Structures are given as C-alpha cells and as structure tokens.
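Chain and residue survey
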Amino acid sequence: QSALTQPASVSGSPGQSITISCTGTSRDIGGYNYVSWYQQHPGKAPKLMIYEVSNRPSGVSNRFSGSKSGNTASLTISGLQAEDEADYYCNSYTSTTAWVFGGGTKLTVL
Amino acid sequence: EVQLVESGGGLVQPGGSLKLSCAASGFTFSDSVMHWVRQASGKGLEWVGRIRGRANSYATTYGASVKGSFTISRDDSKNTAYLQMNSLKTEDTAVYYCTRQAAGTSWFDPWGQGTLVTVSS
C-alpha cells in the first residue's frame, strides 16, 4: 500500500491561511470518511487534530478545519501562529491493508 | 489521565529479535483496538499493524513491510499491548509508537511517547 500523497512542504506568514492536501484513491480517502490529521512537533509524539474528515477533538483550536472532495482530503489552518509550525500527517482507512498515512508535510511559519 | 507508555526499545543486531511493550492507563483497554506506528529518523509515519479486542477475536492486521516478521499481541489483564519483532533488518530502525483506536471510532488518540529501536551490527 503506497502512502497517501501530501506536499513535502508548505509555508505561510502569521495570520495567513494555508491548506495541506492529501490525495489517495477510491480504496481509501474516496471510499471512506475515515480521514484523520495529526500534528507532530520535533521530537514529540503525533497529536490528533482532525477526525472523520472534518471533526475537531476537544481542545483543538477552531483555526484547524478539514474537508474532503473525491479522493483528496484537505487540512486548512487559518490565522497561522508560530506554534503551528510542525509536521502534519493525514491518515485514512483503506480496503487493502487497513490503514495508511500520508508522507507528511512540513509547515513553516515565515 | 489517558496514557500510553512504550518500553523495550534498544540496540539489536540484524537478524535479532526484540519485544516492545505498551502499557495503557486511564481508559477501558479491553474495548480498544491497539496500533503500532513507526517513524524512521527524518521520515514519515508508517502504520505497522493493529490488534482488535476480545469481541473481535483479537484479530491482527499488519502492514506489508512487516507481515510475517512482526507479531502484535495483548494482555487485557495487564492493560498492555506488545510488538514482537523477529528477523530484524537495518531498515526496521525507527521510533515505535503505540496508539489507541477507541471502539467505534476511526482515529488514533492518544499516542505514547515512543521507544527507539536501532538495528545495527
């Protein structure tokens, strides 16, 4: 099972909005609403940011939002802040090998 | 507090074996699906495998790169999941995380702090 496709890096200035895409196939993202997003700061464990495409766990800022269209899911961060600088990973259930992650996207806040 | 703590990492020679543990607290372990995820240095997250609960006969599923070499098990009486790694290769060197998928959900939360496995001669 190949990893879901994410851009290697994105960047934005404080206060701006950015969107990270995550592209899969009809066997994963396109076939299920089981897409989640994780934030990982250097040397730390991943943290759940979005689940089931567009839901935010308690405690996660409403600046984070998720969506899906066809085989592509997206994570949008609005009002960028310095602490948002991190790696972001998408994840989806897949009919082939159960679960698959994206390759990860490094967000730089300029 | 919901918590996962991994242990058992270390240095092992190629071809060797290692068993990792993941101790859980603060939630109903027996109802949860437990996953292992690994991350090589400077690389992305790779799903390793999962074990379901008793209601699903402790069924296991593995990623293609570890199938046949790694085995996931659990002891619900000890609230602990395990990852037995055999025939280790240098490319298995990574930080190994355990994480929980609560019953009826499709996401991973929380995550442990990770344990480093280094396969080297």
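Read on for an overview of the structure. Quick caveat, the model's predicted, so the values are computed rather than measured.

The subject of this paragraph is the interface of chain A and chain B. You'll often see interface size given as the accessible area lost when the parts meet. In this assembly, 18 residues from chain A lie in contact with 19 residues from chain B. Interface area, chain A with chain B, both sides summed: about 1600 Å², of which 67% is carbon and sulfur. In terms of surface lost to chain B, no three residues of chain A exceed P46, W99 and F101 of chain A, which account for 38% of the buried area on that side. Counting across the chain A and chain B interface gives 0 salt bridges. Our count for the chain A to chain B interface comes out at 5 residue pairs in polar contact (both at pLDDT 80 or more).

Right, let's get into the pairing of strand β6 (residues 72–77) of chain A. Residues and elements named next belong to chain A. Looking at chain direction, strand β2 (residues 18–23) and β6 are connected through 6 bridges and run antiparallel. When the bridges of β6 are listed, I18 appears paired with I77. Pairing analysis gives 6 bridges linking strand β5 (residues 64–69) to β6, with the strands arranged antiparallel. From the neighbouring strand, S69 faces β6, where its bridge partner is T72.

The rules behind the values
Residues numbered from 1 in each chain as written. Chains lettered and ligands numbered in written order. Predicted model: local features only at pLDDT ≥ 70, side-chain atom pairs only at ≥ 80, totals over all residues. Heavy atoms only, no water. Contact = heavy atoms within 4.5 Å. Buried area = accessible area lost by both parts, 1.4 Å probe. Salt bridge = Lys/Arg side-chain N within 4 Å of Asp/Glu carboxyl O. Polar contact = N/O pair within 3.5 Å; in protein donor to acceptor, adjacent residues only side chain to side chain. Pairing = 2+ DSSP bridges. Helix = DSSP H or I, 4+ residues; strand = E, 2+ residues; numbered from the N terminus.

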